Amino acid sequence: MLAPYTLLDRKSDLSRHDIRLADKAFGREPVFIAGPCAVDPEDRSLLLETAHAIKEAGATALRGGVWKPRTSPYAYQGDSRALDYLLEARERYDMPICTEVMDNEELAICLDARVDILQIGTRNALNYNLLREIGRRSAGSDALVLLKRGRHMAPVDEFILAGEHIAAGGNTNVLLCPRGTLPTVEGYRSYPDESIIPLVKEKTWAPVVVDPSHAVGHAKYVPRAALAAFMYGADGLLVEAHAVPNNGICDDPKQAITPQVLQQLIADAREVFRLAQSYAGLAQA
Ligand code: PEP
Ligand code: MN
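Residues numbered from 1 in each chain as written. Chains lettered and ligands numbered in written order. Predicted model: local features only at pLDDT ≥ 70, side-chain atom pairs only at ≥ 80, totals over all residues. Heavy atoms only, no water.

Draft legend 1. Broad picture of the overall build of the protein. The helix and strand inventory of the protein stands at 10 helices and 10 strands. A compact globule built from 285 residues would reach a C-alpha radius of gyration of about 19 Å, and the protein, at 17 Å, matches this within 12%. Principal-axis analysis of the C-alpha atoms gives the protein an extent of 55 × 40 × 40 Å. The burial tally for the protein puts 53% of its 285 residues in the buried class. Taking contacts inside the protein between residues at least 6 apart in sequence as the whole, the part at least 24 apart equals 73%. Put simply, the protein shows about 12,500 Å² of open surface, and 49% of that area lies on carbon and sulfur atoms. (Helix = DSSP H or I, 4+ residues; strand = E, 2+ residues; numbered from the N terminus. Rg over C-alpha atoms; globule rule 2.2 N^0.38 Å. Buried < 20%, exposed > 50% of the residue type's maximum accessible area, 1.4 Å probe, protein only. Contact = heavy atoms within 4.5 Å. Areas by Shrake-Rupley, 256 points an atom, 1.4 Å probe, with all protein chains shown as cover.)

This is the structure:
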């Protein structure tokens, strides 16, 4: 029987296609994307300080929210000025950038600015029109599309099929990002879902970049959740990190790890990544 996805199928010819971020090839070594939840539009130097610190800590790319999907319409919603700061940081520290797009207008702005990683958030993970459109409009560009797992998604196939929409639109540089599903345990922000990684990887060649920050929701739990994810076979990490978490906006005061913690986490994750590879062979035996 044919798999319901063809492009992202692990058995497809595309499985040999290399997805790269700066000088890193997914699958060969772990990739680290770090930065604030939201870029403060009033504080350019704070973003530059964070960008510099996470680069020094060993991150490959800088993340940062320009426009934010907020549960409350009265909470901070984002500001286009934040994109200018990300672009400045990219130039200054020579690192790719990642930001979330929620509609076609934001997508057009980001494609124009050649944003390296376009993030689709958990709230839009089932917005098939947006998924197709992002695939269509970024086809042929070097942009990667990072798709968060929807909070309501249970079957692994539903997650991979959402990614297939992007690939079918025309961009096969798809990264799948588990970030926790609906909360069922008290104490964590979401239900941490790192354990689905081996199941995802048995079905698709798409690299898995895990987000432990929105899964556990507290900086103190993030490093352990991240290392567990690498043990489960993650190819990369998307993590909220901030030079001064308490001065951050949106999730940062609660969730962001400091550059010091990030540096240790990156060193440990490299070791766990190597350790996990010996188990990957076993799983497919
Ligand atoms: C984020 O990355 O800051 C974010 C809003 O993520 P999610 O869509 O997973 O909630
Ligand atoms: Mn966040």
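From this point, the narrative continues.
Draft legend 2. Geometry of the site of ligand 1. For ligand 1, the set of nearby residues contains 13 residues, the closest of which are Arg63, Lys68, Thr122, Lys148 and Arg179. Contacts to ligand 1 include Arg63, whose side-chain N or O atom sits 2.8 Å from an oxygen atom. Between ligand 1 and the protein, one listed contact pairs an oxygen atom with a side-chain N or O atom of Arg179 at 2.6 Å. Taken together, the residues of the shell around ligand 1 break down into 2 nonpolar, 4 polar and 7 charged. (Near = heavy atom within 4 Å. Polar contact = N/O pair within 3.5 Å; in protein donor to acceptor, adjacent residues only side chain to side chain. Nonpolar A, V, L, I, M, F, W, Y, C, P; charged D, E, K, R; others polar.)

Draft legend 3. Geometry of the coordination of the manganese ion (ligand 2). Every protein donor of the manganese ion (ligand 2) is accounted for by Cys37 (SG), His214 (NE2), Glu240 (OE) and Asp251 (OD), and the metal-donor separations fall at 2.1 to 2.4 Å. Sequence positions of the donors to the manganese ion (ligand 2) reduce to the motif C-x176-H-x25-E-x10-D. With a gap of 214 residues between them, Cys37 in the loop between β3 (31-35) and α1 (44-56) and Asp251 in the loop between β10 (236-240) and α9 (252-255) connect regions that are remote in the sequence. The exposure classification of Cys37 matches that of Asp251, with both residues buried. (Donors = N, O, S within 2.8 Å, 3.2 Å for Na, K, Ca; no water.)

Draft legend 4. Molecular detail of unusual backbone geometry. The phi angle at Ala22 is positive, at roughly 50°, despite the residue not being glycine. Looking at the element boundaries, Ala22 is found in the loop between β1 (20-21) and β2 (24-25). For Ala22, a relative accessible area of 49% translates into the label partly exposed. Of note in the backbone geometry, Cys250 takes a positive phi value of approximately 60° without being a glycine. By the secondary structure assignment, Cys250 is in the loop between β10 and α9. Here Cys250 falls in the partly exposed class, since its relative accessible area comes to 22%.

Draft legend 5. Quick peek at the packing of helix α4 (residues 128-137) against helix α5 (residues 156-169). Viewed as axis vectors pointing N to C, α4 and α5 meet at an angle of 40°, and their least axial separation amounts to 6 Å. Considering their axes alone, α4 and α5 lie oblique with respect to each other. Crossing angle aside, the handedness with which α4 passes α5 is right-handed. Every residue of α5 that contacts α4 at Tyr128, Leu131, Arg132, Ile134, Gly135 and Arg136 is listed here: Ala162, His165, Ile166, Ala168 and Gly169. Here the contact of α4 with α5 is composed, by residue class, of 6 nonpolar, 3 polar and 2 charged. (Axes fitted to C-alpha atoms, helices over the stretch in contact; angles between N-to-C directions. Parallel < 35°, antiparallel > 145°, perpendicular 65-115°, else oblique. Left-handed = near helix turned anticlockwise from the far one by under 90°.)

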